[in-house]
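One letter stands for each residue in the lines below.
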Amino acid sequence: MTDIYRIACAAGFSGDRTDVAKPLVDQLLRSGGPACLIFESLAERTLALAQLERHQNPDLGYEPLLLEMLEPILVDCIKGGIPIVGNFGAANPEGAARFIAKLAQDKGLQNIKIAIVKGDDVSAPKFRSQLESFLSPSDRETLTQSALVSANVYLGGQEIAQALNAGAQVVVTGRVADPALTVGPLMAHFKKEWSDWNFLGAATIAGHLLECGAQITGGYFADPGVKDVPNLAQVGFPIVEFNAQGKMCITKPSKTGGLVSRMTVTEQLLYEIHDPAQYLTPDVVADISRVELHDAGGDRVELTGVIGHQKPDTLKANICIDGGWLSEAEISYAGFHAYERAQLAAQIIRERLSDLVLRIDYIGSSSIFSSDAGEGPQIKSPIGFEDIRLRVSTANQDKHQAMRVCREVTALYTCGPAGGGGVRTSLKPRLTTLVCLIPRDLIHASYEFFDTKGLV
Amino acid sequence: MAKKIPLYQLAHARTGDKGNRSNISVIAYRAEDFPILLRELTTERVKDHFGFRKPSAVKRYELENLKALNFVIDDVLDGGVNLSLNLDSHGKSLSYWLLAMEIDVG
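As the structure is a prediction and not an experimental result, all values here were calculated from the model.

Caption draft 1: Seen up close, the confidence of the model for chain B. In the predicted model, chain B carries a mean pLDDT of 94, and the fraction of residues at 70 or more is 99%. On the interface metric, ipTM, the complex scores 0.94, and its pTM is 0.93.

Spelled out as structure tokens, the structure:
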């Protein structure tokens, strides 16, 4: 392929590995030519958790690992002309931009151009009646009875593309559709029309394939002896090479572990897809029903045949509300009659918590007999034994009701069957997500450059 | 005489989730086995296989070029990642439940 633009993805979720960006950037620099580095770190719940963090501290609410993500590659990217695009702004893109500007300054990079994409956050009171009007009647009732944590529209790639064409070296977004992180740079580089549906469809699928990081390079795939992946511990993250005709090749940095094959690409192509002919995004409706793959060998798979259709009239919004509390508690029984003793423990819990809705699991393979070093009887060992971990969980709007599971399972130590050990309990706040579609003319997205003048 | 084998001998699979909906791709290792998947993995049989989770609907999409089927299974995740009490609230392990299904290759 000629006139190639390369996009590398260095994160597929918040909390992904932070040592994967360097090999990607090194590979992009070795390859030469125009390229961009993206980070996708904003799952459905991540933004709501970030919003809760921002309520605690107005300076926070962006990706907590931002330093670890960017520190290894920021200088190389800026000096090598590789823009960085990430939704690591989460609930506070401006805070993330300020953090990056300071990091750049500390690294001796003066006045880098950092763009902030705005307009996704619709949690302000002025949007409340609109949100309610687009929810189903039952969800509307749920919303009126709950505390709103976050509300964000999935934006497309236009603002990212505009920012890059205006010279942005880093683009920070909050909620955008995951593929938009790829669509933006590709549209900025190839300067296509925003009504070139087939190109937008192909760009969207490139983004879809990149957005989960290692899931296309051998992660979430390996099965020993059946679907082997070389050196999975050092799995390389993906790079897509893309040309003006919308043809793409998926690959990964040399000297990294992992695998890019027809099989890994097919699995990821259909990941979280419903109707393959109608993948709805803010920029286009992509159609992969007639896609063809060619495995070129050497961890290179070519993909052609994506079609695009006119973008939807509405944008999807996620509304996160307070969802009460989730409690989980576990205790182990091992050896003779372990399962029977675990069943007795469960019966005791059910009797004492008969007013709560409980889930009970009997988890079993090998755990508590072996030493911390893993020595001792193992699964499939000739010494037969049972090793059952009883897990009890419940959810409740009332924290104290949820906490009763933790207390009752802990009480099994002294009040339950023989030989119970290893109690662990957890009590966490839950979030509930409501989804609605908002007419796009009600949403006003834009970008602006972060003003470094105020930076101390 | 009908010969039954588990699906994992012919295909690999991956699960994704959105809310209370799971999608499971099933991909033939060998192109010549794809007609068996088309014949055996009907929406009714897949719905039955997941019956204990009470799915409200199963849709099947066929991708001839990829030798793949995509199953979209509604209301199968006890509410999904935010609501389920399951350890695997995404249902990421469900691909291996579908791969355990016995299919007729006789």
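Structure shown, so let's carry the discussion forward.
Caption draft 2: Representation of the sheet that holds strand E4 (residues 57-63) of chain B in the model. Residues and elements named next belong to chain B. Spatial strand order, E2-E3-E5-E4: four strands in an open sheet with antiparallel pairing. Edge positions in the sheet fall to strand E2 (11-18) and E4, since each of these pairs with one other strand and no more. Pairs of neighbouring strands in the sheet enclose a mean axial angle of 20°, with direction left out of account. Where strand E3 (residues 21-28) and strand E5 (residues 68-74) come together, seven bridges link them in antiparallel fashion. Bridge assignment links Arg21 to a residue of E5, and that residue is Asp74.

Caption draft 3: View of the pairing of E2 of chain B. Residues and elements named next belong to chain B. For E2, a buried count of seven out of eight residues is recorded, marking the element as mostly surrounded by other parts of the structure. Where E2 and E3 come together, eight bridges link them in antiparallel fashion. By the bridge assignment, Gly16 is partnered in E3 with Asn23. The loop that links E2 with its antiparallel partner E3 comprises two residues; one of these, Gly19, has a positive phi angle of about 60°.

Caption draft 4: Spotlight on the interface of chain A and chain B. Contact with chain A, which involves 28 residues of that partner, is made by 20 residues of chain B. Where the side of chain A that touches chain B is concerned, the elements lending two or more residues are helix H11 (262-269), strand E11 (292-295), strand E15 (359-364), strand E16 (387-396) and strand E17 (421-439) of chain A. Sorting elements by how many residues they give to the side of chain A that touches chain B places E17 of chain A first, with four residues. Its residues assigned to classes, the side of chain A that touches chain B shows 10 nonpolar, eight polar and 10 charged.

Caption draft 5: Geometry of the nonpolar core. All names here are of chain A. If you look at the biggest cluster of nonpolar residues, it comprises 139 residues, and the most contacted ones within it are Ile7, Leu37 and Ala206. If you count residues domain by domain, this core takes at least three from each of domain 1 (5-120 + 155-312) and domain 2 (319-435). In this structure Ala206 touches Ile7, Thr182, Leu186, Val240, Phe242 and Met248, once residues within four positions along its chain are discounted. By size, the runner-up hydrophobic cluster in this structure holds 20 residues, among which are Tyr333, Ala334, Ala338 and Val405.

Caption draft 6: Region of the structure containing the packing of helix H9 (residues 180-190) of chain A against helix H10 (residues 197-210) of chain A. Residue and element names in this part refer to chain A. Between H9 and H10, the least distance of the axes is 7 Å, while the angle of their chain directions is 135°. Here H10 runs oblique to H9, going by the angle between their axes. Helix-helix and strand crossings are classified by hand; for H9 and H10 the assignment is right-handed. Judged by residue contacts, Ala180, Leu181, Thr182, Val183, Leu186 and Met187 of H9 engage Leu200, Ala203, Thr204, Ala206, Gly207 and Leu210 from H10.

Rules of the game
- Residues numbered from 1 in each chain as written.
- Chains lettered and ligands numbered in written order.
- Predicted model: local features only at pLDDT ≥ 70, side-chain atom pairs only at ≥ 80, totals over all residues.
- pLDDT = per-residue confidence, 0-100.
- Pairing = 2+ DSSP bridges.
- Helix = DSSP H or I, 4+ residues; strand = E, 2+ residues; numbered from the N terminus.
- Axes fitted to C-alpha atoms, helices over the stretch in contact; angles between N-to-C directions.
- Buried ≥ 20, exposed ≤ 12 C-beta atoms within 10 Å, placed from the backbone.
- Contact = placed C-beta atoms within 7 Å.
- Nonpolar A, V, L, I, M, F, W, Y, C, P; charged D, E, K, R; others polar.
- Core = buried A, V, L, I, M, F, W, Y, C linked by C-beta atoms within 7 Å.
- Domains from an automatic or database assignment.
- Parallel < 35°, antiparallel > 145°, perpendicular 65-115°, else oblique.
- Left-handed = near helix turned anticlockwise from the far one by under 90°.

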